[in-house]
Amino acid sequence: MPQRPQTTAHHADQLSAHHANQLYGPQPDVARAAGYPDAPPRVGFFTDTSVCIGCKACEVACKEWNSVPEDGLELTGMSYDNTRGLGADTWRHVAFVEQQRPAGHGAAGQGGGHGGFDAFEAARALDDPARSPAAPPAPEGRTELRWLMSSDVCKHCTHAACLDVCPTGALFRTEFGTVVVQQDVCNGCGYCVPACPYGVIDQREEDGRVWKCTLCYDRLGVGMEPACAKACPTDSIQFGPLEELRERAAARVARLHTAGVTEARLYGEDPEDGVGGDGAFFLLLDEPEVYGLPPDPVVTTRDLTAMWRHAATAAASLALLGAAAFARRPR
C-alpha cells in the first residue's frame, strides 16, 4: 500500500489528530465481520475538495482502467460539467458548483447566499441596457463567482444497504472493507438502486445489471493505489488506510480553520452517522446539499428487522383472531 507522505510537524495537526481518535475511536472491522480473519487494514478515499481543480483526470483514469463505456459525450449547456452525476457508466464524477457572492466575503453563507449564477442572463443584460445587470459594476458592490469542485464516488459504507438487499450475493464486502459488484452474478433485479442512500448504484439499459466504483479492487490486490488517486495532480483524492486518512483529514480541517477558512468541514467520516461512516469521505467548503450530497444519510435497511418483527406480530394476531372467531361459531 502507498505510504503516507511525510509532512512538517505542526501542533494543530497533532491536536486535531488526537481529537479525531478520541472522538470517533477505531473504525469497525467490517472485513473481519465479513469473514476475512486475516484482513489488512481497511482502506478508502479522503477527497479534499479545497484543492480540486476540476480537471476530471480522475474520471478519465477510472474509465480507462475499468473499461467503463462513454456516457453520451453530450454538452448540457448548463455548466462545464457535462457528466452531471454518478451512474452505471460514470463511477467518478467531478461536480462543478458555481456560487455568486459579494466580493470580500471569505466564508460561504456570509452575505452571499448559494444562488447559482446564470451566465446567459448576464450576457443578455450586457446587450440590453434596459435590463438590470447581473452584477453591479461598482467595486464596492460587485458580485464575484467562486467555484466549488468535488470528485464524487461510491462511499463504500460501513453499513451498506445495497449488501443487505441483494438477493444473489452479487454485492460483497472485500478483504479491504470495500463493497464490490460481481456483474456475472447480478441478475438485474435493481433492489440495490433505491436502497443506496447516496444514489450511487445504477443499472445499464442494455441488460439491467448494476455497476459502480470498485475502489479498483484488482489494483488493490497487487499493492497498487486506485487509478483515480494515482491520476489526481493535486492530491485532492487521497488513498490509504482509513484511520490514517481520518487523522490526516482532521489535521487539514484544523489548518484551514487557522487560515480563516471557517466553513471547512468533514462529511462522511463519522462512524456514528447514519451509515456507520463512509469508506470514502470528503472535506467540503459548504453545506453537503450544495454538492448534491444528502445532509444526514441513513442506511435504508436500518428498520428492516423491526418492520419484519411488526409484520410477524400482525400476522400472528390476525391468525389468533381468525382462530378465535372460528371457535366461537355456533355448532
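Residues numbered from 1 in each chain as written. Predicted model: local features only at pLDDT ≥ 70, side-chain atom pairs only at ≥ 80, totals over all residues. Heavy atoms only, no water.

(A) Focus on the pairing of strand E8 (residues 237-241). Of all the 5 residues making up E8, 4 are buried; the element is thus mostly covered by neighbouring parts of the structure. Of the pairings in the sheet, the one linking strand E1 (residues 43-48) to E8 comprises 5 bridges and is antiparallel in character. If you follow Phe-46 over to E8, its bridge partner there is Gln-238. (Buried < 20%, exposed > 50% of the residue type's maximum accessible area, 1.4 Å probe, protein only. Helix = DSSP H or I, 4+ residues; strand = E, 2+ residues; numbered from the N terminus. Pairing = 2+ DSSP bridges.)

(B) The arrangement of unusual backbone geometry in detail. Even without glycine at this site, Arg-84 takes up a positive phi of about 75°. Its location among the elements puts Arg-84 in the loop between helix H3 (57-66) and strand E2 (93-102). A positive phi angle is found at Leu-215, which is not glycine, with a value near 55°. As for its placement among the helices and strands, Leu-215 is situated in the loop between strand E7 (210-211) and helix H7 (217-220).

(C) Inspection of the side chain of Ser-236 at higher detail. Secondary-structure assignment places Ser-236 in the loop between helix H8 (227-231) and E8. For Ser-236, a relative accessible area of 1% gives the class buried. The residues touching Ser-236, leaving out its near neighbours within four places in the chain, are Phe-46, Thr-47, Asp-48, Thr-49, Val-51 and Cys-52. (Contact = heavy atoms within 4.5 Å.)

(D) The arrangement of a nonpolar patch on the surface in detail. A cluster of nonpolar side chains, namely Trp-65, Val-222 and Met-224, defines an oily patch on the protein surface of about 280 Å² accessible area. With respect to the helices and strands, the residue Trp-65 is situated in helix H3. (Patch = residues over 30% accessible without salt bridge, like charges linked within 9 Å, V, L, I, M, F, W, Y side chains within 5 Å. Areas by Shrake-Rupley, 256 points an atom, 1.4 Å probe, with all protein chains shown as cover. Salt bridge = Lys/Arg side-chain N within 4 Å of Asp/Glu carboxyl O.)

(E) Local environment of the packing of aromatic side chains. Considering all chains together, one arrives at 6 aromatic pairs under this definition. Aromatic pair Phe-172 and Tyr-217: ring centres 6.1 Å apart, planes at 70°, arrangement edge-to-face. You can see Phe-172 sitting in strand E4 (residues 171-173) and its partner Tyr-217 sitting in helix H7, a full 45 residues away along the chain. Look at Tyr-217 and you get partly exposed, because its relative accessible area is 26%. Following the ring pairs from residue to residue traces out a cluster consisting of Phe-172, Phe-176 and Tyr-217. When the ring centre of Phe-45 is taken as reference, the NZ or CZ atom of Arg-92 above it lies at 4.7 Å. Residue placement shows Arg-219 over the ring face of Trp-65; its charged tip is 4.5 Å from the ring centre. (Phe/Tyr/Trp six-rings, centres within 6.5 Å; stacked < 30°, edge-to-face > 60°. Lys NZ or Arg CZ within 6 Å of the ring centre and 35° of its normal.)

None of this, on its own, says anything about what the molecule does.
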